Amino acid sequence: MTKENLEFKTEVKQLLDLMIHSLYSHKEIFLRELISNASDAIDKARYESLTNSSIMENEKEWKIKLTADKEAGTLTVSDNGIGMTKDEITKALGTIAHSGTKDFLAALQKKEAKDNPELIGQFGVGFYSSFMVADRVTVISRKAGQDRKDGVKWESSGDGFFTVEDVEKEKKGTDVILHLKEDEKKYLEEWEIRSIVSKYSDYIEHPVVMDVEREKDSELKKGEKVKLKEEEILNSQKAIWLKDKSGISENEYNEFYRHVSHDFTDPARVIHFKAEGTSEFSALIYIPSRAPHDIYYKDYRIGPRLYVKRVQIMDHCEELIPVYLRFIKGVVDSSDLPLNISREMLQSDRQIDIINKNITKKVLDTLEDMKKNEYDKYLSFYKEFGRILKEGIHFDFSRKEKLADLLLFESTKKSPGEYTTLQDYVDRMPEGQEAIYYIIAGSREEAAGSPYIEKFREKGYEVLIMLDEVDDVIMNSLNEYKGKKIKSVVKGDIKLDESEKAEKKKAEKKFKELIELIRFQLKDEVKDVRLSGRLKDTACCLVAEEGAMDPHMEKLLQSMGQSIPENKRILEINPGHPLFEAMQAVFEKEPKSLMLEEYIKLLYDQALLLEGSKPKDPAAFAGAVTKLMVKEAQKA
Ligand code: ADP
């Protein structure tokens, strides 16, 4: 068949352009990326061969071969892995922009990224890094299980187009041929290749081999030397997770972390352990220090790699960890699971369940230890992943308390940027304070100025400030901590002062009819009108019923297009505010006063504003306020 000329997807074009023109340092990582792709391709093929031996051409020796041809100026990375069909190669290397590509491009616009080409790996655009050193790249591939005539040749100079054509290829697998640029020929040198492989790909489980020339004593003529080519393995292939902890340096741990996570910041903690007994497995788990760019995406892949007796079964096994620990990376190697375990089996497997429990415990213990002994590190971990971790309170009932101890909050008694734990909060509670209080707000300033916490401030009660909408769900699920109820300051009836009881009774009597009137006028808007126990300087506010959804959460869900049942609020009025004295006086003179009617409307609109909502009719609200302003000004 003839050659097809195809155009790269726009994002890929932009990416290539950057690869070719903007990234100058650390170019050698292209080799790491190609070896990593080759290794993945072998893992896939080997896994297939477990269940479908007929298509695997009886492979006995999985390997990645590097070939430097000085005459042709090419460096070739070959693997005998799964290979690609024409359709697959066209998509994988040209017409599909990985989800990471756009983010990568956006990140690259920033100056710092230009100096950090390590980002390339993180964004999964590894193959294209070839164009940093090559002015033409040829890929010849044949999918495992297909005929020799079903090979495909892909080629591009990185200039916006690529070609694909049918070719013959003798064996399954892929050859990536880099036609090196004139000034990048150093990558043909044996020592250069060796040093890159040992720096970046030493732990790759499959042998990375190269033909090397060695001078040997001639067997024919004594005293003479002959040059012989020998295939040599360049990497040590050690399965680092099976090694003894004491023999592994921090550097090795970090290098392996880069390999499994594509993250180039060192991890915050490494957890390496072997379990023996009912379940035998080794785990090498990392707690990252920085969140990957796609952690909140739908297609973010959860879970460590799963190996069974050193054979990789899958890249991400989500059954191995609870979803709220989805930030962790690493490897689990089980000795008990069958090699041909399927996805369906995983879901109900007892061994997997045991591993999951073990890892969860280790990770939570490690976090606890970090919080205690390396607080700054924990704090930066928490800022990256706290939002995910606290989902556990909602979903993992059995570990609710343990997780609660890992939470950090801003609070009215801490300066901005400082955090408190629930335990510290409880330790600081003054006598008489019965519950733990929190407020959900859009910002710290909004929380600090909120009328809902006036009384709390007056009484010296600390209020936890939560800036995340999900916090309301989390706090509802937590419900209590060390026997203390957890309450939102915007919900339920707050009674902070028993001593004010008598006064409140008196006020209730005094304003009884006025309250009736307000209740009647606002009957379609609010559920009830009552005197407030939480206000000091503000005239009124809206509160939700205990157990109802926080207004911030409601708004978030609405903005996401979810319809939520209408939840009427309770209007609380502050009997100590002079406004009510004044309104009462008007009421006594003329209960049907139009002015009173207007005021009640304004009262409700104000309360809406304080809650963070909008008056139903902003124009009418503004009109009423200006009318009052004019009246006041005319008096002056
Ligand atoms: P990533 O490896 O992060 O997915 P790449 O750009 O390096 O990104 O590769 C894109 C895709 O091309 C891979 O996901 C894989 O499907 C395919 N691919 C690349 N190299 C090989 C290879 N040696 N063998 C088989 N498929 C490969």
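In what follows, the accompanying structure is described.

Rules used throughout
- Residues numbered from 1 in each chain as written.
- Predicted model: local features only at pLDDT ≥ 70, side-chain atom pairs only at ≥ 80, totals over all residues.
- Heavy atoms only, no water.
- Helix = DSSP H or I, 4+ residues; strand = E, 2+ residues; numbered from the N terminus.
- Rg over C-alpha atoms; globule rule 2.2 N^0.38 Å.
- Buried < 20%, exposed > 50% of the residue type's maximum accessible area, 1.4 Å probe, protein only.
- Contact = heavy atoms within 4.5 Å.
- Areas by Shrake-Rupley, 256 points an atom, 1.4 Å probe, with all protein chains shown as cover.
- Lys, Arg positive; Asp, Glu negative; His and termini not counted.
- Charge placed at Lys NZ, Arg CZ, Asp CG, Glu CD.
- Pairing = 2+ DSSP bridges.
- Axes fitted to C-alpha atoms, helices over the stretch in contact; angles between N-to-C directions.
- Salt bridge = Lys/Arg side-chain N within 4 Å of Asp/Glu carboxyl O.

A word on the overall build of the protein chain. On a plain count of helices and strands, the protein chain comes out with 23 helices and 22 strands. In terms of overall size, the protein chain is more extended than a compact globule, its C-alpha atoms giving a radius of gyration of 34 Å where 636 residues would be expected to give roughly 26 Å. Principal axes of the C-alpha set define a box for the protein chain whose edges measure 125 × 55 × 40 Å. Across the 636 residues in the protein chain, those meeting the buried criterion constitute 51%. Considering only intrachain contacts with a sequence separation of at least 6, the fraction spanning at least 24 residues in the protein chain is 71%. If you sum the accessible surface of the protein chain, you get close to 31,300 Å²; carbon and sulfur atoms cover 50% of it. If the 103 positive side-chain charges of the protein chain are averaged to one point and the 119 negative ones to another, these points end up 2 Å apart.

On to the sheet that holds strand β6 (residues 161-167). Taken in spatial order, the 9 strands make up an open sheet running β1-β6-β5-β4-β7-β3-β2-β8-β9, and their pairing is mixed. Sheet topology places β1 (4-7) and β9 (225-233) at the edges, where each strand pairs with a single neighbour. Across the sheet, the mean angle from the axis of one strand to that of its neighbour is 25°, orientation sign disregarded. Pairing of strand β4 (residues 134-142) with strand β7 (residues 173-180), which is carried by 8 bridges, proceeds in the antiparallel orientation. Within β7, the residue paired with S141 across the bridge is T174. Where helix α2 (residues 29-51) meets the sheet, it contacts β2 (64-69), β3 (74-79), β7 and β8 (208-217), and its direction lies at approximately 25° from that of β3.

Let's shift gears to the sheet that holds strand β13 (residues 311-314). Strand order in this open sheet of 5 strands is β10-β11-β14-β12-β13, and the pairing throughout is mixed. Each of the sheet's edge strands pairs with one partner strand only, and the pair in question is β10 (269-275) and β13. Going across the sheet, the axis of each strand differs from the next one's by a mean of 20°, ignoring polarity. In this sheet, β13 lies alongside strand β12 (residues 305-308) in antiparallel orientation, the contact comprising 3 bridges. From the neighbouring strand, L306 faces β13, where its bridge partner is M314. On the sheet, helix α8 (residues 250-261) packs against β10, β11 (281-287), β12 and β14 (329-334) and is oriented at approximately 85° with respect to β11.

All right, on to the pattern of salt bridges then. Should the charged atoms of two oppositely charged side chains come close, the side chains can pair. As enumerated under the stated definition, the model contains 57 salt bridges in all. Note that K216 and E230 form a salt bridge whose closest N and O atoms lie 2.8 Å from each other. Here the residue K216 occupies a position in strand β8, and E230 occupies one in strand β9, the gap between them amounting to 14 residues. Exposure remark for E230: the relative accessible area of 35% places this residue in the partly exposed category. With a closest N to O distance of 2.8 Å, E410 and R444 form a salt bridge. Of the two residues, E410 is situated in strand β15 (residues 410-411) and R444 in helix α15 (residues 444-448); the sequence distance between them amounts to 34 residues. By relative accessible area, which is 14% here, R444 ends up buried.

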